[in-house]
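What follows is the residue order along each chain.
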Amino acid sequence: MTEPDSNRQPAVPDPAELAGRERLTEPVVRTGMFGATGTGDTSGYGGLQVRRPPRVPSPRPYGSYFDEIADQLAHALGAAGSSFGAAVEQVIVANGDLTFYVRREHLLAVARQLRDDPKLRFELCLGVSGVHYPAEAGTELHAVYHLLSITHNRRLRVEVTAPDADPHIPSLVSVYPTCDFHERETWDFFGVIFDGHPALTRIEMPDDWRGHPQRKDYPLGGVPVEYRGATIPPPDERRSYE
Amino acid sequence: MTAPADHQTHGATAAGSAHPEDTGPGETRSHSDPYGSTTDEDYGEGRVYHVTGQDWDEVAAAADDLHSDEKLVVNMGPQHPSTHGVLRLVLTLDGESVTELRPVIGYLHTGIEKNMEFRTWTQGVTFCTRMDYLSPLFNETVYCLAVEKLLGIESEVPERANVIRVLMMELNRIGSHLTAVGTMGLEVGATTVFIYGMREREKTLDLLELITGLRMNHAFIRPGGVSIDLPSGALERLREYVRIMPGLLGEIRALFDAAPVFHARSKNVAYLDVTGCMSLGVTGPILRAAGLPWDLRKSQPYCGYETYEFDVPVRDSCDPFGRYLVRMDEMDQSLRIISQCVDRLSGPRSADDPVMIRDAKIGWPARLALGPDGMGNSPDHIAHIMSQSMEALIHHFKLVTEGFRVPAGQVYAAVESPRGELGCHAVSDGGTRPWRVHFRDPSFTNLQAVSAMCEGGMVADVIAAVASIDPVMGGVDR
């Protein structure tokens, strides 16, 4: 360690500046005052660009029972020859929920520990919810698992990401058989390929359907409707306030 | 026995031999014998069986011998009346036993989740109420709880709105369970139970219609509260309902609880224990009939359920009969909760006791009123925005067309629907429309268990198994 010198630049940048930089890398979610297109923005804020707030990792302590879960998972993963830092990219506590962003290659190991460790015991998986973020380069596809521990009456969210170019996520059917239908649904709607699923086929759409309808690049479709002489465009072409 | 002697002997030997003609010299039998049974004649269509009476054992034995390794694949549904809507079950049968069962779904997929991404947060209620059409108020509530959690306004929802929500959900639970029990009766052959169930459900729907204006697709529960207060006279009707329902439910129980046919159809079949429920993600009455008293109203209360007195009915038989009993008991408990709601709603009321959040940026300004043509706009509100306040008009216009913005983030909210844990995963990017809404519908998940319940059992028990799962295809396919 060198002596602190007040004249030198601080080694750690200004947190406010850092937050600003982080924010500038986020996708724009709204332009102008109202986020509407097609008409002029006379509010004087037409050039406004609102970016999505960045996902900032939560600092310890997480509060509630969340620290206990994190500690116990770290302990269990350590005993199994892995580590918390290697498996979990990020921990976010928001809206009263705990979210572990797990690297996909570690998902099975983490799920197994979450289910089997007596102090974690997340027996019930409430399925997979796919989310598509086309603006997030490299992590466009998210698979969100909600876990419930009936033993300890706790909830946990595990989120896994995959790039569009390589949409593979390991299947959890071997740990939670209930994920069977849910993973088929997420494959059907988002095109996430769950490696190791016993029969990954479409479940809601017809077998010969093309494309994955709930991705953001898949149009909603619809036809204009005429009512009393006025024509109403389909929902995705109506004026919207993003 | 009146059967001729030659048939008797013939039957005994045919079991071991595929050639009835080889049966000893004592038998003389012409190929044209009109009463002859199975023959080896080739009519150009392969082996032909003549079934003439008294020889069933023979026919069955010969068929067994020939077809023991043949599988029969049967498509049950998607238009089969006992599959609760457009559910298709692909059964692989070995005789009467089910060796493999695969549920096929998707026939009622309507893209509700995708559509909600193109509407405002408030309009989303109109879509999600149509998912599980037997429990629309649960769909609305779980969605609104998720939106409120994202907005961080759970504590600002008025107390009265929460009581009305609980009241509506419990009414809806009774309506849904009555359908479940009634259709279960119909499917195992007790038509009267179905008629009774529908008749009692009608009383529940009348109340829902009185309060929300509609029998289903209510869009009554909105982010921030409920759309309208109870109409005058509703409390009296509710009290009357709570008074008469125990007797009417008793009539169903009197018909069904000790019916020998029902017992035979629903006991010791479609077995699923707690381990099976956990691994397959099964919740609700099926889990409680396996012996686990897991009810989100008790374990993770929402809408103030912790302040109501009620029990969680549990059975440990793991079979459709136990699930039926759990549903019947739950209706009794729902009546208890409804009467507590009525007491709370009928207490002295302050002049300013809203059913919608006070924040005018979220709660819709229009308080609906009962007009001559049914429930609709409030004349007071229209007078205010159209002739008194330009600002109020602008505000109304913006809130209704643009909607409110919800902070970016994601939440998961869950309620105990009549079929189990109904979850809502809502993601916002900070806009006026959801980025993604996903519903964890209990029917969808519970339907996976139908294979585990039926494989190895008899084909008739599939009916009892599906009826006891009580899947609602609107919720399964969304």
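Residues numbered from 1 in each chain as written. Chains lettered and ligands numbered in written order. Predicted model: local features only at pLDDT ≥ 70, side-chain atom pairs only at ≥ 80, totals over all residues.

Caption draft 1: Highlighting the overall build of chain B. Looking only at helices and strands, one finds 19 helices and 10 strands in chain B. The buried share of chain B, reckoned over its 478 residues, is 48%. In chain B, the share of contacts with a sequence separation of at least 24, taken over all contacts with a separation of at least 6, comes to 67%. (Helix = DSSP H or I, 4+ residues; strand = E, 2+ residues; numbered from the N terminus. Buried ≥ 20, exposed ≤ 12 C-beta atoms within 10 Å, placed from the backbone. Contact = placed C-beta atoms within 7 Å.)

Caption draft 2: Highlighting the overall build of chain A. The helix and strand tally for chain A stands at 5 helices and 11 strands. In terms of overall dimensions, chain A is more spread out than a globule: its C-alpha atoms have a radius of gyration of 22 Å, far above the 18 Å expected for 242 residues. The dimensions of chain A, computed from C-alpha atoms along their principal axes, are 70 × 65 × 35 Å. Across the 242 residues in chain A, those meeting the buried criterion constitute 33%. (Rg over C-alpha atoms; globule rule 2.2 N^0.38 Å.)

Caption draft 3: Representation of the interface of chain A and chain B. Listed by partner, the interface residues are 35 residues for chain A and 37 residues for chain B. Counting only elements with at least two residues in the side of chain A that touches chain B, the list comes to strand 1 (28-31), strand 5 (124-132), strand 6 (141-149) and helix 5 (179-190) of chain A. Here the element with the most residues in the side of chain A that touches chain B is strand 5 of chain A; it accounts for 6 residues.

Caption draft 4: Local environment of unusual backbone geometry. Omega for the peptide link from R60 of chain A to P61 of chain A comes to -15 degrees, which places this bond in the cis form. Mapped onto the elements, P61 of chain A comes out in the loop between strand 2 (49-51) and helix 2 (66-79). Phi is positive for N95 of chain A, which is not a glycine, with a value near 55 degrees. Of note, N95 of chain A is situated in the loop between strand 3 (88-94) and strand 4 (97-102). N95 of chain A sits in the partly exposed class, given 19 other C-beta atoms within 10 Å. Not every positive phi belongs to a glycine, and N217 of chain B is a case in point at roughly 55 degrees. In this structure, N217 of chain B sits in the loop between helix 7 (191-212) and strand 4 (221-222).

Caption draft 5: Spatial organisation of helix 18 (residues 459-469) of chain B. Counting buried positions over the 11 residues of helix 18 of chain B gives 9, a clear majority of the element. Taken together, the buried positions of helix 18 of chain B are D461, V462, I463, A464, A465, V466, A467, S468 and I469 of chain B.

Caption draft 6: Main features of the sheet that holds strand 8 (residues 409-417) of chain B. Residue and element names in this part refer to chain B. As summarised here, the arrangement of the 3 strands in space is 8-9-10, forming an open sheet in which the pairing is antiparallel. The sheet is open, and its two borders are formed by strand 8 and strand 10 (436-440), each paired with just one other strand. Sheet twist, expressed as the mean angle between neighbouring strand axes with direction ignored, is 15 degrees. By the bridge criterion, 5 bridges tie strand 9 (residues 420-428) to strand 10 in an arrangement that is antiparallel. Paired with H425 across the bridge in strand 10 is H438. Against the sheet, helix 5 (residues 136-151) engages strand 8 and strand 9, with an angle of about 150 degrees to strand 8. (Pairing = 2+ DSSP bridges. Axes fitted to C-alpha atoms, helices over the stretch in contact; angles between N-to-C directions.)

Caption draft 7: Geometry of the sheet that holds strand 2 (residues 88-94) of chain B. Residue and element names in this part refer to chain B. Strand order across the open sheet formed by 3 strands is 1-2-3, with antiparallel pairing between neighbours. Strand pairing shows two members of the sheet lacking a second neighbour, strand 1 (72-76) and strand 3 (97-104), which therefore form its edges. On average, adjacent strands in this sheet sit at an angle of 20 degrees to one another, irrespective of strand direction. Note: strand 2 against strand 3, 7 bridges, orientation antiparallel. Of the residues in strand 3, the one forming a bridge with L91 is L101.

Caption draft 8: Focus on the packing of helix 8 (residues 234-256) of chain B against helix 13 (residues 320-346) of chain B. Residue and element names in this part refer to chain B. Look at helix 8 against helix 13: their axes get within 10 Å of each other, and the N-to-C directions meet at 170 degrees. Comparing their axes, helix 13 and helix 8 come out roughly antiparallel. You can see that helix 8 and helix 13 cross each other, and the crossing is left-handed. Mapping the contact onto sequence places L235, L238, R239, V242, M245, P246, L249 and R253 in helix 8 and M328, M331, D332, L335, I338, S339, V342, L345 and S346 in helix 13. For the contact of helix 8 with helix 13, the per-class residue count stands at 12 nonpolar, 2 polar and 3 charged. (Parallel < 35°, antiparallel > 145°, perpendicular 65-115°, else oblique. Left-handed = near helix turned anticlockwise from the far one by under 90°. Nonpolar A, V, L, I, M, F, W, Y, C, P; charged D, E, K, R; others polar.)

Caption draft 9: Spatial organisation of the nonpolar core. V142, A146, V147, L272, V450 and A465 of chain B are the most contacted members of the largest nonpolar core, which has 163 residues in total. Ignoring sequence-local partners within four residues, the contact set of V450 of chain B consists of L101, P103, A465, V466 and I469 of chain B. (Core = buried A, V, L, I, M, F, W, Y, C linked by C-beta atoms within 7 Å.)

Caption draft 10: Geometry of the environment of G124 of chain B. All names here are of chain B. As for its placement among the helices and strands, G124 is situated in helix 4 (residues 124-128). Measuring from C-alpha to C-alpha, the distance between G124 and R358 comes to 21 Å, with 234 residues separating the pair along the chain. In this view, G124 contacts M116, R119, Y143, P434 and V437; residues no more than four positions away in its chain are not counted.

Caption draft 11: Representation of the confidence of the model for chain B within the structure. Scored by pLDDT, chain B has a mean of 84; 84% of the residues are at 70 or more. Across residues 1-30 of chain B, where pLDDT falls below 50, the model places 27 contacts with residues more than four positions away in sequence or in other chains. (pLDDT = per-residue confidence, 0-100.)

Caption draft 12: Representation of the environment of M168 of chain B in the model. Residue and element names in this part refer to chain B. The residue M168 is located in helix 6 (residues 159-188) in this model. Using a count of 26 C-beta atoms within 10 Å as the deciding quantity, one classes M168 as buried. Separated by 176 residues in the primary sequence, M168 and R344 have C-alpha atoms spaced 14 Å apart. Leave out the neighbours within four places in its chain, and M168 touches L137, I211 and F220.

Caption draft 13: Focus on helix 5 of chain B. If you check helix 5 of chain B, its first and last C-alpha atoms are 23 Å apart, about what 16 residues at 1.5 Å a residue would give, namely 22 Å. Once helix 5 of chain B ends, the next one or two residues include G152 of chain B, with phi positive near 70 degrees. (Expected span 1.5 Å × (residues − 1).)

Caption draft 14: Up close: the pairing of strand 5 of chain A. Residues and elements named next belong to chain A. Burial runs high along strand 5: 9 of the 9 residues are buried. Pairing analysis gives 7 bridges linking strand 5 to strand 6, with the strands arranged antiparallel. Within strand 6, the residue paired with V128 across the bridge is Y145.

Caption draft 15: Representation of the packing of helix 6 of chain B against helix 18 of chain B in the model. Residue and element names in this part refer to chain B. Viewed as axis vectors pointing N to C, helix 6 and helix 18 meet at an angle of 175 degrees, and their least axial separation amounts to 9 Å. It follows from the interaxial angle that helix 6 and helix 18 lie roughly antiparallel. Counted together, T183, M184, E187 and V188 of helix 6 and I463, A464, A467 and S468 of helix 18 form the full contact between these two elements.

Caption draft 16: Region of the structure containing the environment of T83 of chain B. Residue and element names in this part refer to chain B. The topology assignment puts T83 in the loop between strand 1 and strand 2. Since 22 C-beta atoms lie within 10 Å of it, T83 is described here as buried. Remark: the alpha-carbon pair of T83 and L101, spanning 18 residues in sequence, is separated by 13 Å. Sequence-distant contacts of T83, that is, excluding residues within four places in its chain, are made with M76, G77, L89 and V466.

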